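# Topology and contacts: notes
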Amino acid sequence: MSIRSLRRLGALGLAGALLAATAACGGSSGGDDGTVELRFSWWGNNDRAAATQKVIDAFQKQNPGIKVTGSFADFNAYFDRLATEVASGDAPDVITLGGAYPREYGDRGALLDLATVKDVLKTDKIDKAALGNGNFGDTQYGVPSGVNAIGVVVDPVVFEKAGVELPDDETWTWDDFKRIAKEIAAKSPKGTFGLADPTKTDMLDIFSRQRGEALYTADGKVGISEQTLIDWWNMTLELRDSGATPSASQTAELITQPAPEQSLIGRGLAGMQFDWSNQIGALRKASGHPLRLMRVPGETGAKQPGSWLQASQLYTINAKTEHPKEAAKFVDFLVNSPEAGKIILTDRGIPSNSDVRTAIEPGLDEDQKVQVDYISGLTPKAGPPLVIGPTGSTDTPHILDRVNAEVLFNRLKPADAAKEFISQVTAAIQQ
C-alpha cells in the first residue's frame, strides 16, 4: 500500500484496520543484558535532532538500564512515515504528535491512556490549558512539550525601508492589516511583498473564532460558515490583486518550500508573516533581521479573541509498547526535568511546567526571550481553548490547499470555494 493510501486510511477512519495493525507489539525491545530499549520519534531539523540527542544522553545517564533510540524527519515526511509504522504495528514507543493527530490515533486505540502510568508521569506542574490539548473523551493521551501561539512575525527593516509605520497590535483591525500590506508592497522594490498568501487552517480558525465560530464544533462538525470563508477569500484576493501578496503561481511554489530560509520573510522579501511563536528564532536567523512578534489583527474589536494557547507538540506513548513504565519515565524527563528544559529551551514551545520555565529563563537568548514575552503578554488576552478537529480532519489542510489554489488561479469564485471546502471537509470527517 502506498504512503498516500495509508494516510487516506487514517483520514477515512478505518479503525478496524488500525486496531488490527496496532495489535502487534510496539517498537520497543530488550537487550540481552536486560536493558530496556525504547524508540522515540519527532519531527524537525538537524538542530532539533542535536538538542534532542543531548536530552536522550542525559536521560540515559540517569537511567542506565534504559536505552533510547531517536528518529526524526521533516513535518510532512514524519506523518507519512508514522502512518506506515502504525498501520504495520511497528510504531515507536514514544511518539511526538500535534494538531488533530493525537485525537485521531487516540480514538483508534493506538495511544496509551496516560492515567495508567500516572505514578511515573506527573502532570501537576503542567499548565492545565496546555494539558487539555492532549485530552480527548476524558482520556489523557498526550502531555505538551510546551506552549505556542500564532502571531504576526513583523520585519521592522522592511517596514523602515518602505517608510511604513509599525502597527499597534493592541488595536489594529483587518482593514488596517490590508492597508499596511498594500503600502509595504507599493513602497518596496519589485519582488518584496506585504506578506505571503496567509491561507492556512490555523488562520481560518482565528478568523472564524473572532466571529464566534470555529473551524470545528465541539461535536465534531464543520463550524466555520460559508460567509466567513467568502469574506476571507475576498480579502486574500484583494491582497493578491494589489500585489500585497504574490501571484498564484508564486504562492503555489512557496507552498512546496516550507523551510524558514525559503520563506519570503526569511529572505527579507516580506514585511509580515503569520506563524507560530516558536518559529521566530529560525526566521530571525534566516533573514538576519530583528523580527518581532505581534498579535493578529482584529482581536480587540472581535466577538471573542481568536488567538489561543496551543501545545506546540504532544508526547504520547504507543498503546502496545512493551515497556509503558519506562516510556512514561522518559516522557516525564522530557517535560518535567529542568535539565532537559535547559537543553531544549524554547525549541518545542515555552515549557508548560512552571518549574522548568523558571529554570531556563537565565539561559534564554534574545530570540527566545521574544517568544516568552509574547506568550506572557498574550496569555491573559487569549481566547477559549481550540476545538481540536475530529477524526478525518488531518485531511483539512490538504483540502484547503487544493481549494485555495482554485481560488487564486481564478478557477473558483469565493462563494463556490466556500461550498466546496465545507463539502469536502464534511465528507472527510464523516467517513
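Residues numbered from 1 in each chain as written. Predicted model: local features only at pLDDT ≥ 70, side-chain atom pairs only at ≥ 80, totals over all residues. Heavy atoms only, no water.

Another point: the overall build of the protein chain. Scanning the protein chain from terminus to terminus reveals 18 helices and 13 strands. Its C-alpha radius of gyration of 22 Å places the protein chain within 12% of the 22 Å reference for a compact globule of 431 residues. On the principal axes, the C-alpha backbone points of the protein chain span a range of 70 × 50 × 35 Å. A total of 431 residues make up the protein chain; the buried ones form 54% of that total. For the protein chain, restricting intrachain contacts to residue pairs at least 6 apart in sequence, the fraction spanning at least 24 positions comes to 76%. Taken as a whole, the protein chain presents about 18000 Å² of accessible surface, with 51% of it coming from carbon and sulfur. Across the protein chain, the mean location of the 44 positive side-chain charges is 1 Å away from that of the 55 negative side-chain charges. (Helix = DSSP H or I, 4+ residues; strand = E, 2+ residues; numbered from the N terminus. Rg over C-alpha atoms; globule rule 2.2 N^0.38 Å. Buried < 20%, exposed > 50% of the residue type's maximum accessible area, 1.4 Å probe, protein only. Contact = heavy atoms within 4.5 Å. Areas by Shrake-Rupley, 256 points an atom, 1.4 Å probe, with all protein chains shown as cover. Lys, Arg positive; Asp, Glu negative; His and termini not counted. Charge placed at Lys NZ, Arg CZ, Asp CG, Glu CD.)

This part takes up the sheet that holds strand β11 (residues 292–294). Spatial strand order, β10-β9-β11: three strands in an open sheet with antiparallel pairing. Lying at the two open borders of the sheet, with one neighbouring strand each, are β10 (272–276) and β11. Averaged over all neighbouring strand pairs, the angle between strand axes comes to 40°, with direction disregarded. As judged from the three bridges shared by strand β9 (residues 150–154) and β11, these two strands associate in the antiparallel manner. Along β11, the bridge assignment pairs V154 with R292. (Pairing = 2+ DSSP bridges. Axes fitted to C-alpha atoms, helices over the stretch in contact; angles between N-to-C directions.)

Right, let's talk about empty space enclosed by the protein for a bit. As enumerated under the stated definition, the model contains one cavity of 30 Å³ or more in all. The space that makes up the largest cavity amounts to roughly 110 Å³. In this structure, the largest cavity is lined by 14 residues; those nearest its centre are S145, L334, I344, L345 and P351. Mapped by element, the contributors of at least two residues to the lining of the largest cavity are α13 (324–336) and α14 (338–344). Looking at the lining of the largest cavity element by element, the count peaks at three residues for α14. Split by residue class, the lining of the largest cavity holds eight nonpolar, five polar and one charged. (1 Å grid on protein atoms, 1.4 Å probe; cavity = no way out; pocket = protein on both sides within 12 Å on 5 of 7 lines; lining within 4 Å. Points joined across faces, edges and corners; volume = space filled by probe spheres on them. Nonpolar A, V, L, I, M, F, W, Y, C, P; charged D, E, K, R; others polar.)

Time to look at helix α17 (residues 396–408). Structurally, the α-helix is built with 3.6 residues per turn, so residues lying three or four positions apart point the same way. For α17, spanning 13 residues, the distance from its first C-alpha to its last is 18 Å, which sits close to the expected 18 Å at 1.5 Å a residue. When we look at burial in α17, the residues that qualify are T396, I399, L400, V403, N404, V407 and L408. Buried residues in α17, looked at end-on, bunch into an arc of 160°, giving them a common side. Among the residues trailing α17, N410 stands out with phi positive, at a value near 60°. (Expected span 1.5 Å × (residues − 1). Arc of directions from axis to C-beta.)

Let us now look at the pattern of salt bridges. Following the criterion strictly, the structure yields 21 salt bridges and no others. Notably, a salt bridge pairs D241 with R240, separated by 2.6 Å at the nearest N-O pair. A salt bridge links E366 to R284; the nearest nitrogen and oxygen atoms lie 3.7 Å apart. A residue pair is termed long-range when its members are at least 10 positions apart, and E366 in helix α16 (residues 366–378) and R284 in helix α12 (residues 280–287) qualify at 82 residues. (Salt bridge = Lys/Arg side-chain N within 4 Å of Asp/Glu carboxyl O.)

Tallying each qualifying case throughout the model produces 22 aromatic pairs. With a centroid separation of 5.5 Å and an interplanar angle of 85°, the aromatic rings of W174 and F177 are classed as edge-to-face. Here W174 and its partner F177 are both found in helix α8 (residues 174–186), three residues apart, which amounts to about one turn of the helix. Residue classification places W174 among the buried residues on the basis of a relative accessible area of 12%. (Phe/Tyr/Trp six-rings, centres within 6.5 Å; stacked < 30°, edge-to-face > 60°.)

The subject of this paragraph is the domain arrangement of the protein chain. Domain annotation for the protein chain reports domain 1 (35–146 + 311–377) and domain 2 (150–307 + 392–430). In this assembly, 14 residues from domain 1 lie in contact with 14 residues from domain 2. Interface area for domain 1 against domain 2, summed over the two sides, is near 1200 Å², with a carbon-plus-sulfur share of 50%. In terms of surface lost to domain 2, no three residues of domain 1 exceed D367, Q371 and Y374, which account for 44% of the buried area on that side. In this structure, the connection of domain 1 to domain 2 is made through three salt bridges. A salt bridge links D367 to R284, with the nearest nitrogen and oxygen atoms 2.6 Å apart. Remark: the boundary between domain 1 and domain 2 carries five residue pairs in polar contact (both at pLDDT 80 or more). Counting residues per element, the ones that place at least two in the side of domain 1 that touches domain 2 are α3 (46–62), α5 (101–107) and α16. Looking at which element gives the most residues to the side of domain 1 that touches domain 2, the answer is α16, with six residues. Residue composition of the side of domain 1 that touches domain 2, by class: five nonpolar, three polar and six charged. (Domains from an automatic or database assignment. Buried area = accessible area lost by both parts, 1.4 Å probe. Polar contact = N/O pair within 3.5 Å; in protein donor to acceptor, adjacent residues only side chain to side chain.)

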